[in-house]
Amino acid sequence: QVQLVESGGGLVQAGGSLRLSCAASGRLLKSNLMGWHRQAPGKQRELVASITSGGLTNYADSAKGRFTISRDNTKNMVYLQMNSLKPEDTAVYYCLLNQFTGRDYWGQGTQVTVSS
């Protein structure tokens, strides 16, 4: 059993910053990928950023230059630092864990709202 719990969402004005956190617990493997996806009202869920256990990162074009994904392997946590937030970033943000075993694990999501 794997559990993911997100935190750090909230309401922020355009141009502000937030840091999202995701804590993973359960049967965790050393080699894995963790990431963040988001889903806005009326939109499809989309990749924001991902990071492997080795530190390789990938970003959506909309996130490049503004968002930074990082992880702490000793704490089994992944973070998403979001700067220069825009109203278009408003969405529910979900934490993802993939351990290359044929299954994705998702957190319950945390709401990010950016006001104009």
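Since the structure is predicted, the reported quantities are computational estimates derived from the model, not experimental observations.

A. Seen up close, the packing of aromatic side chains. Under the definition given, this model contains 0 aromatic pairs. The ring of Y94 is capped by R45, whose NZ or CZ atom sits 3.8 Å from the centre of that ring. Across the ring face of W106, the terminal group of R45 is positioned such that the distance to the ring centre comes to 4.8 Å.

B. The state of the cysteines, seen in detail. Overall, the coordinates contain 1 disulfide when judged by the stated rule. With a sulfur-sulfur separation of 2.1 Å, C22 is cross-linked through a disulfide to C95. Disulfide C22-C95: torsion about the S-S bond near -85 degrees, hence left-handed. Within this pair, whereas C22 is found in strand β3 (residues 18-26), its partner C95 is found in strand β9 (residues 91-98), the two being separated by 73 residues in sequence. The exposure class assigned to C22 is buried, which follows from its relative accessible area of 0%.

Reading the values: rules and limits
Residues numbered from 1 in each chain as written. Predicted model: local features only at pLDDT ≥ 70, side-chain atom pairs only at ≥ 80, totals over all residues. Heavy atoms only, no water. Phe/Tyr/Trp six-rings, centres within 6.5 Å; stacked < 30°, edge-to-face > 60°. Lys NZ or Arg CZ within 6 Å of the ring centre and 35° of its normal. Disulfide = S-S within 2.5 Å. Helix = DSSP H or I, 4+ residues; strand = E, 2+ residues; numbered from the N terminus. Buried < 20%, exposed > 50% of the residue type's maximum accessible area, 1.4 Å probe, protein only.

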